[in-house]
2 protein chains.
Amino acid sequence: MKIEVAFTPAELAGIDLGDRVVVVLDVLRATSTIVEALANGARAVSPVSTVDEAVRLAEALGREGVLLAGERRSLRIDGFDMGNSPLEFTRERVSGKQIVLTTTNGTVAILASATARRVLIASYLNLGAVAEELVHDGGPASIVCSGRERRFALEDALCAGALVRRVSERTDGAFELNDAARAAVDLFAAYGADLAGAFARTAAGRQLIDAGLEADLEYCTRTDVHAVVPELRDRQIIS
Amino acid sequence: MKIEVAFTPAELAGIDLGDRVVVVLDVLRATSTIVEALANGARAVSPVSTVDEAVRLAEALGREGVLLAGERRSLRIDGFDMGNSPLEFTRERVSGKQIVLTTTNGTVAILASATARRVLIASYLNLGAVAEELVHDGGPASIVCSGRERRFALEDALCAGALVRRVSERTDGAFELNDAARAAVDLFAAYGADLAGAFARTAAGRQLIDAGLEADLEYCTRTDVHAVVPELRDRQIIS
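Considering helix 9 (residues 203-210) of chain A
All names here are of chain A. Every buried residue of helix 9 is listed here: Ala204, Gly205 and Leu208. The arc enclosing the buried residues of helix 9, seen along the axis, measures out at 100 degrees, which places them on a common side. Summarising the contacts, the buried residues of helix 9 are in contact with helix 6 (154-170), helix 8 (195-200) and helix 10 (214-219). The first or second residue beyond helix 9 is Gly212, which carries a positive phi of 80 degrees.

Next up, the structure:
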């Protein structure tokens, strides 16, 4: 099985993804939030790029049964129902709802991967479930870190490394890795024992702490909390 | 002092480099070759993007005293005087010459950094000299890995980590690092004891070995062989 990691979405620019299963990660916080929302019964999450597009889509869908969610600079967008904190997406609030979501990095990476054979959404929260789905799929697989404003983000690289390691444990290591996949595994080995500590020193982590959202940071390190494997189908993420 | 690492040139796209000293790395092999050429008395190296541009520039400069060098898929370009192997750039061949160089990744990254306040060229061969120059300059510094066809390349990340560590030893750690700089330092800690072994497992290293260029790979791991600090000035790299 062939597994590669891209530390930023730009690394996949110009590459034909037609045969790939792409796994998108934005651990702090978009993909953690999507996993949490679908695990708590949301009907679907529609990722969109811009605030205007989010508002238009929510209106087109009819505001009944739709939640408008997203952030800019970590904070809820004015007039939106929810921000991008997984802790907001409780069963009470999201069960049966369709969520329109726009974030700075994660939704952009998901939309950029849309030409792949399959697009799965991963985070620590559903790590084992995604690893199992990758083994079942057989690949080739590209794990794409959303990064942060086009740049490398350590929290995503660590989750990519954790995912590669999980898959390797299930396939007896019989696979090819690219340079980034091997580096991600080594970074996870270096930092994995104290994810919350590692996250707190990242650029994204510091911004969340400054915004008073430290609880999100801790929650996003929790591993194998949910068994959902969200997948993008026809512009909607469902599980 | 502020030091950041970009694992690919794309991570610096759209960022104003006007206040930065940018250090470009393409360890296998363009920046190792440039360091070797200037250390052996070449007058200047002119980095260009395309084969056509290289030929035109060499003709404009007058072929006397000019060497046309470069590679595609690791191999010397047809009709060129030299490839991109540092071992070819001996004092006998390059002393007093101007070199026009085009490579797949490194020269592209150098040209993309041209708007920076300063652009320095680094490799393991001149690691200590570049570290000293960075401390003297005071930054802010961006260390840019050329990567491989827009993707993360482990050999460049390791050299970035080694360079950050050298600078930190000279400044008592009094500096800010971005996520990639911290990851690079940790990767160098994991692999630095056996660089040749690590390089041999990278995508670039495997391609060199397949092309019969294993000696280049070993040479490019040698550390502090030269004291030159090549710098881009007015489209030419001089030392």
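Describing the environment of B:Ala200
Residues and elements named next belong to chain B. Within the secondary structure, Ala200 is located in helix 8 (residues 195-200). Of the residues examined, Ala200 has 16 C-beta atoms within 10 Å and is grouped as partly exposed. Excluding residues within four positions of it along the chain, Ala200 makes contact with Gly205, Ile209 and Leu217.

Considerations on the relation of the copies chain A and chain B
Of the transformation placing chain A onto chain B, the axial shift is 0.0 Å and the rotation is 180 degrees, giving an RMSD of 0.0 Å. Such a combination of rotation and displacement between the chain copies is what one expects of a two-fold axis. A shared interface surface links the copies, since 100% of the contact residues of chain A are contact residues in chain B too.

Structural notes on the interface of chain A and chain B
Bring the parts together and some accessible area is lost; that lost area is often taken as the interface size. In this assembly, 21 residues from chain A lie in contact with 21 residues from chain B. Of all the secondary-structure elements, those providing two or more residues to the side of chain A that touches chain B are helix 6 and helix 7 (179-191) of chain A. No other element matches the seven residues that helix 7 of chain A contributes to the side of chain A that touches chain B. Grouping the constituent residues of the side of chain A that touches chain B by class yields twelve nonpolar, three polar and six charged.

With respect to the nonpolar core
A:Val23, A:Leu163, B:Val23 and B:Leu163 are the most contacted members of the largest nonpolar core, which has 169 residues in total. Discounting residues that sit within four places of it in the chain, A:Leu163 has contacts with A:Val23, A:Ala122, A:Leu127, A:Val130, A:Ala131 and A:Ile143.

Observations regarding the packing of helix 7 of chain A against helix 7 (residues 179-191) of chain B
Running from amino to carboxyl end, helix 7 of chain A crosses helix 7 of chain B at an angle of 90 degrees, the nearest separation of the two axes being 10 Å. Between helix 7 of chain A and helix 7 of chain B, the crossing angle belongs to the class labelled roughly perpendicular. Here A:Ala183, A:Asp186, A:Leu187 and A:Ala190 of helix 7 of chain A lie close against helix 7 of chain B, whose contacting residues are B:Ala183, B:Asp186, B:Leu187 and B:Ala190. Tallied by class, residues from the contact of helix 7 of chain A with helix 7 of chain B come to six nonpolar, no polar and two charged.

Some details on the packing of helix 6 (residues 154-170) of chain B against helix 7 of chain B
All names here are of chain B. At their nearest, the axes of helix 6 and helix 7 sit 7 Å apart, and the two run at 100 degrees to each other. In terms of orientation, helix 6 and helix 7 fall into the roughly perpendicular class. Note on element contacts: helix 7 touches helix 6 through Ala181, Ala184, Val185, Leu187, Phe188 and Tyr191, opposite Ala157, Leu158, Ala160, Gly161, Ala162, Val164 and Arg165. Each residue belonging to the contact of helix 6 with helix 7 can be placed in one class, and the counts come to eleven nonpolar, one polar and one charged.

Regarding the pairing of strand 1 (residues 2-6) of chain A
Residues and elements named next belong to chain A. Within strand 1, four of the five residues are buried, which leaves it mostly tucked inside the rest of the structure. Summarising the sheet, strand 1 and strand 9 (residues 176-177) pair through two bridges and their orientation is parallel. Paired with Lys2 across the two strands is Glu176, which belongs to strand 9. In the sheet, strand 1 pairs with strand 8 (residues 141-145) via four bridges, with the strands oriented parallel. Considered in strand 8, the bridge of Val5 is made with Ile143.

Here is what the cut-offs are and how they apply
Residues numbered from 1 in each chain as written. Chains lettered and ligands numbered in written order. Predicted model: local features only at pLDDT ≥ 70, side-chain atom pairs only at ≥ 80, totals over all residues. Buried ≥ 20, exposed ≤ 12 C-beta atoms within 10 Å, placed from the backbone. Helix = DSSP H or I, 4+ residues; strand = E, 2+ residues; numbered from the N terminus. Arc of directions from axis to C-beta. Contact = placed C-beta atoms within 7 Å. Least-squares fit on C-alpha atoms with pLDDT ≥ 70 in both. Nonpolar A, V, L, I, M, F, W, Y, C, P; charged D, E, K, R; others polar. Core = buried A, V, L, I, M, F, W, Y, C linked by C-beta atoms within 7 Å. Axes fitted to C-alpha atoms, helices over the stretch in contact; angles between N-to-C directions. Parallel < 35°, antiparallel > 145°, perpendicular 65-115°, else oblique. Pairing = 2+ DSSP bridges.

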